[in-house]
Amino acid sequence: MMKIDEFSQNLKKVPMTGGFVNQINILEQRYGNEYVEVAESILYLFELLGLDPVKIGRKYIYDYLKQLDYFIKHQDYGHSDFNEVREKIYDNEKTMLETYMPGLLISYAYTTILYEKNHLFITEFLSRLKNGMVGIEVGFGEGFYLWEILKKYSKIKVRGYDISTYAIKFASRMLDLAGVSQECYELQYGNIFEGIRQDDESVDFAILAEVIEHIPNPQVGIKEVARTLKKGGILYLTTVINSNHMDHISNFSSPAVVEDMLEDAHMKILKQRIYHMTDDFPESKDISVGLAYIAEKVV
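Keep in mind that this is a model prediction, so the values were computed, not measured. (Residues numbered from 1 in each chain as written. Predicted model: local features only at pLDDT ≥ 70, side-chain atom pairs only at ≥ 80, totals over all residues. Heavy atoms only, no water.)

What follows is about the nonpolar core. Of all hydrophobic cores here, the largest spans 108 residues; its most connected members are Ile42, Tyr110, Leu129, Ile149 and Leu208. When residues in this core are grouped by element, the largest group, 12 residues, is from helix α3 (residues 21-49). Excluding anything up to four places from it in sequence, Ile42 contacts Leu105, Ile106, Tyr108, Ala109, Phe144 and Trp147. (Core = buried A, V, L, I, M, F, W, Y, C linked by side-chain atoms within 4.5 Å. Buried < 20%, exposed > 50% of the residue type's maximum accessible area, 1.4 Å probe, protein only. Helix = DSSP H or I, 4+ residues; strand = E, 2+ residues; numbered from the N terminus. Contact = heavy atoms within 4.5 Å.)

Structure representation (structure tokens):
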């Protein structure tokens, strides 16, 4: 299995991607064994999937830099029509299975903005779960958070909803290859605007990670997920500000906008992580902000 050092050395061979090694070094120094375990377990998943993490990592970085350049020039994401994005990306087998899903998977450990959010998930959200709980994830994509939960808790039941049949295919294969029992999860189609097939107040926890920036009405998405939570149920929500991607539609003027939407959905914020790329790279033109919240349903 490839190790972090080998992955980093391969990125260094190409000047455009070599700079991302700085992010890996920062995360390894900051979080030590916690980071190494997550990062190398993702490389192990790539081995199981028969995918080249260096090739995927480079492709993801190239696209990231391209989208960043557009945002710097225009101060806009450049995508507004959800159906157009859906046709181009979510319903495109080649893009989803060869680029988008594996690109997201590698980025969870190898970019500071995503790992900072993942650190909150590992240290504050997972510890609030316990065997016997029932939960959902809406927009599970590549299945990273499902995997994190189910490798720790063997008697939790999770239902995942996603708008892309190719996300369902990718995540199902990854979880199966990783040895996760199919009795613990069910993955199915779900469109947050049509309403997911989940009863009101029926789950103990919910995940809405890296989703609301992809949809034209984020408040609708948050409320749809919040309605499924029991009183006292917990939500893990993440998103970004000023961080362009091939399918980002909604930007937010400040973290307060997202926090107000959570409050309007009767969610009380328990923990949060707000990370600016300039925290670690003060001279960077990348002004992306990562937001992660753990919230409790109070009504």
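The structure having been displayed, the exposition proceeds.
The next point concerns the sheet that holds strand β5 (residues 229-241). Across the sheet, 7 strands lie side by side as β3-β2-β1-β4-β5-β7-β6; this open sheet has mixed pairing. Since the sheet does not close on itself, it has two edges, and those belong to β3 (185-189) and β6 (267-276), each with one partner. Across the sheet, the mean angle from the axis of one strand to that of its neighbour is 15°, orientation sign disregarded. Of the pairings in the sheet, the one linking strand β1 (residues 134-138) to strand β4 (residues 203-209) comprises 3 bridges and is parallel in character. (Pairing = 2+ DSSP bridges. Axes fitted to C-alpha atoms, helices over the stretch in contact; angles between N-to-C directions.)

As judged from the 5 bridges shared by β1 and strand β2 (residues 157-162), these two strands associate in the parallel manner. Among the inter-strand pairings, Glu137 is bridged to a residue of β2, identified as Gly160. This β-α-β element, β1 to helix α8 (residues 144-150) to β2, shows right-handed connectivity. By the bridge criterion, 5 bridges tie β2 to β3 in an arrangement that is parallel. Within β3, the residue paired with Arg159 across the bridge is Glu186. In terms of handedness, the path from β2 via helix α9 (residues 165-177) over to β3 forms a crossover that is right-handed. (Right-handed = clockwise from strand over helix to strand, strands pointing away.)

Moving on, we get to helix α11 (residues 255-264). For α11, the full list of buried residues reads Val258, Met261 and Leu262. Down the axis of α11, the buried side of the element spans an arc of 100°, and every buried residue falls inside it. Looking at the buried positions of α11, the neighbouring elements they touch are α10 (218-226), β5, β6 and β7 (289-297). Phi for His266, located one or two positions after α11, is positive at around 65°. (Arc of directions from axis to C-beta.)

A word on the side chain of Asp63. Turning to its location among the elements, Asp63 is positioned in helix α4 (residues 53-74). Lacking a salt bridge, the buried Asp63 has Lys59 as its closest oppositely charged neighbour, with an N-O distance of 4.9 Å. Sequence-distant contacts of Asp63, defined by excluding residues within four places in its chain, comprise His245 and Met246. (Lys, Arg positive; Asp, Glu negative; His and termini not counted. Salt bridge = Lys/Arg side-chain N within 4 Å of Asp/Glu carboxyl O.)

Along its 13 residues, α9 runs 18 Å from first to last C-alpha, staying within 8% of the 18 Å computed at 1.5 Å per residue. Among all positions in α9, only Tyr166, Ala167, Ile168, Phe170, Ala171, Met174 and Leu175 are buried. Where the residues of α9 are buried, they touch α3, α5 (82-90), α6 (93-110), α8, β2 and β3. The N-cap of α9, judged by a side-chain oxygen 3.1 Å from the amide nitrogen of Tyr166 a few residues on, is Ser164. Positive phi shows up at Gly179, right after α9, with a value of about 85°. (Expected span 1.5 Å × (residues − 1). Polar contact = N/O pair within 3.5 Å; in protein donor to acceptor, adjacent residues only side chain to side chain.)

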